[in-house]
Every structure is written in structure tokens, then in C-alpha cells.
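Here is how the chains run, residue by residue.
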Amino acid sequence: MRHKQGRLARAGNPLGENRTVTAQDRHDSAEHRLGTVGVAARPVGAREATAANLAWWDADADDYQAEHGAFLGDADFVWCPEGLREADAALLGDVRGRRVVEIGCGQAACARWLAASGAHPVALDLSGGMLRHAKQANARTGIDIPLLQASAEELPLATGSMDAACSAFGALPFVASPRTVFAELHRVLRPGSPWVFSVTHPMRWIFPDDPGPNGLTATQPYFDRTPYVEVDAEGRATYVEYHRTLGDWVRALTSAGFVLEDLVEPEWPEGHSRVWGQWSPLRGKLFPGTAIFVTRRADR
Ligand SMILES: C[S@@+](CC[C@H](N)C(=O)[O-])C[C@H]1O[C@@H](n2cnc3c(N)ncnc32)[C@H](O)[C@@H]1O
């Protein structure tokens, strides 16, 4: 999966209960390193969430790239596990000559595709582990993208310095306040600039995080915004992920000064058999797995 979204919390356990981690999957190594022992349902503020996610993505970076690197490519712009590509969707419009910031870039494959398409990208991520992979891919491809280590909540970019922004599942599911990120993007983007980002489709929150038949029965309220939190033995967060309803996303965007132009829900393509965590052909044929918000910074 693109990230862990509720993998343990919503495997059928009641909300609010701590639960022992027993699932064997590729996240075991990072969980072991971070001392994750269970999940909790409790509020998590910005500072704790950002610290937990920095530690998580550093610990998981090598495994993430080992599992998904080939699918994502070195210089390719894949929006989601359904495999929708910017080369086909053109959600950012004509990027030639544009200064584009990729938020939560991981290995920065999207930024490299943008550079090859004539844009002038910079790629930003919280995790030094992820950026190490981005640096290696820069060297491998000869496409030398400027890399910035920072949180999307505080962009180290000048006001009005960017012509477009994008994110493929980067940062937004993991920050306590998307409004903070949107306010920062509003600051750094020129009026009228596109801001396009993909996240897990909010309706997936109600289902157990399972690519098989168990992932077809609703078990959790759509309206419950309590984040999914994994904790260590002392109760400290080791991974945090937030749920926002569709309305939450729209309100956060519009109140920050963005105009919503489209909401793309990529359909599962015929013949696409690759499972990514909870994204599978079985579920993809029944309901959406990804929401891509196509927005533009208002002119004023
Ligand atoms: C699911 S990965 C997606 C990476 C890449 N965009 C891709 O498509 O593979 C999420 C990324 O968001 C980054 N991230 C998490 N919290 C962040 C934050 N507050 N600011 C910037 N990046 C963040 C992680 O380090 C990680 O690289």
C-alpha cells in the first residue's frame, strides 16, 4: 500500500483499544526498529505527529523503495496505486518552463519526470531516508533535482516563488493540519497556480485495511476523525495518519484560498493486477481507492 492507513487499527478491533501488533508484513522491520507495540485511538498534535512520521519514514524508506521503486520508476509521475500517470492525465497542465514544488516527494520520481518535461522542479520531503533515495536516483538518472528536507507545514521557499505544486500521497495524510500546509502553499504559489495532490480516498476509512474480501465490509464510522496511531511501549506515537472526509478537504482548501476544479477518482484499469497494500483489483473494481484534488490558487 502507499502507506499503512489503518492497517492494524481497523482489522476489526473496537475503537480506542490498544492492541498487540501481530501482523507479519513488510512494515515489520520499521516497527521493530521503532519499538511499535500496538495502536491507540487518541488525538495527536502537530509536533508529535511530525516527529513520529519523521522517524517512521526514515525507518521505512529502504523497504518502501524496495517494494514500490520499480512501479514508481526513476523519472515517472504515477499519481496512485491505480497507475494513473501525469503523462496521460495532464492534471497540472502545461508544465514547460514552470517552477514546480513536489511535496512529500519520496524518491522524487515525479519531480524527475517534470524536469524531463521541461519544468524546473524542486522536491521536498521530511525524511532524510527518503531523500537519500532521491539523491541516489538523481545520480542514477543524471537528472539532478534540487532536494529540500523540511516539513510541508513550513516550506523553505520564498513567497510567490512557485508556479505549480503537486504531491502523490506525500505529507498530507500525515500532518495534523492540512490547513497549515495549504496556507504555506498559498504563500509560495503565484496567484492562479495549480496545486494538485492525491490521497487515499476518504471512503476507504470505513473498511478494514485489507485487499481481500475482509476489506469489503464497513466497520468504522466515516465521520470518526480520530487519527490512526501506532505507539511504542511508553505510549509515544511511532506512526500517525489522519482521516478527513471529502467535505473536510474541500473546506480546508477553499478557506486557504484555493479553488477546487476537479476531483479525480481513478478507476481500476482492466488488466492491472498489482496489489499495493489495501489497493487491489478486487476492491478497485467496486469503489475508489484514490482521490486526486485538482485545485488552483485563487487569483487574489
Ligand atoms: C506514501 S510516501 C509518498 C512518497 C512519494 N510521493 C511516492 O509517490 O512514492 C509519503 C511521503 O511523505 C513524506 N512526509 C510525511 N510527512 C511529511 C511532512 N510533514 N512534510 C513533508 N513530507 C512528509 C514521507 O517522508 C514520505 O516520503
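Residues numbered from 1 in each chain as written. Predicted model: local features only at pLDDT ≥ 70, side-chain atom pairs only at ≥ 80, totals over all residues.

An unreviewed UniProt entry lists the chain under the name Methyltransferase domain-containing protein, from Amycolatopsis sacchari.

A.B. asks: Explanation requested: the environment of asparagine 53 in the structure shown.
C.D. replies: Here asparagine 53 lies in helix 2 (residues 46–72). As a C-alpha pair, asparagine 53 and threonine 238 span 185 residues in sequence and 7.1 Å in three-dimensional space. Apart from the residues within four sequence positions on either side, asparagine 53 is in contact with Leu126, Phe174 and Val240. (Helix = DSSP H or I, 4+ residues; strand = E, 2+ residues; numbered from the N terminus. Contact = placed C-beta atoms within 7 Å.)

A.B. asks: Quick question: what am I supposed to make of the nonpolar core here?
C.D. replies: Generally speaking, soluble globular proteins have nonpolar side chains that are buried together. Residues Val100, Ala108, Cys110, Leu114, Ala123 and Ala165 are the most contacted members of the largest nonpolar core, which totals 78 residues. Looking at this core element by element, the count peaks at eight residues for helix 2. Leave out the neighbours within four places in its chain, and valine 100 touches Val95, Leu114, Ala119, Pro121, Met162, Asp163, Ala164, Ala165 and Cys166. (Core = buried A, V, L, I, M, F, W, Y, C linked by C-beta atoms within 7 Å. Buried ≥ 20, exposed ≤ 12 C-beta atoms within 10 Å, placed from the backbone.)

A.B. asks: How should the site of the ligand be read in this particular structure?
C.D. replies: Around the ligand there are 22 residues in total, and Trp57, Gly104, Gly106, Ser127 and Ala171 lie nearest to it. Of the residues forming the shell around the ligand, the biggest block, four residues, is contributed by helix 2. Looking at the shell around the ligand residue by residue, the classes come out as eleven nonpolar, eight polar and three charged. (Near = placed C-beta within 6 Å. Nonpolar A, V, L, I, M, F, W, Y, C, P; charged D, E, K, R; others polar.)

A.B. asks: I keep staring at the sheet that holds strand 3 (residues 99–103) and nothing clicks. Help me out?
C.D. replies: Taken in spatial order, the seven strands make up an open sheet running 5-4-3-6-7-11-10, and their pairing is mixed. On the outer flanks of this sheet lie strand 5 (147–149) and strand 10 (258–264), each paired with one strand and no other. Between one strand axis and the next, the sheet turns through 20° on average, direction left out of account. As judged from the three bridges shared by strand 3 and strand 6 (residues 164–168), these two strands associate in the parallel manner. In the strand pairing of strand 6, valine 101 is matched with alanine 165. Across the face of the sheet, helix 4 (residues 109–116) comes into contact with strand 3, strand 4 (120–125) and strand 6 while running at roughly 175° to strand 4. On the sheet, helix 5 (residues 128–141) packs against strand 4 and strand 5 and is oriented at approximately 170° with respect to strand 5. (Pairing = 2+ DSSP bridges. Axes fitted to C-alpha atoms, helices over the stretch in contact; angles between N-to-C directions.)

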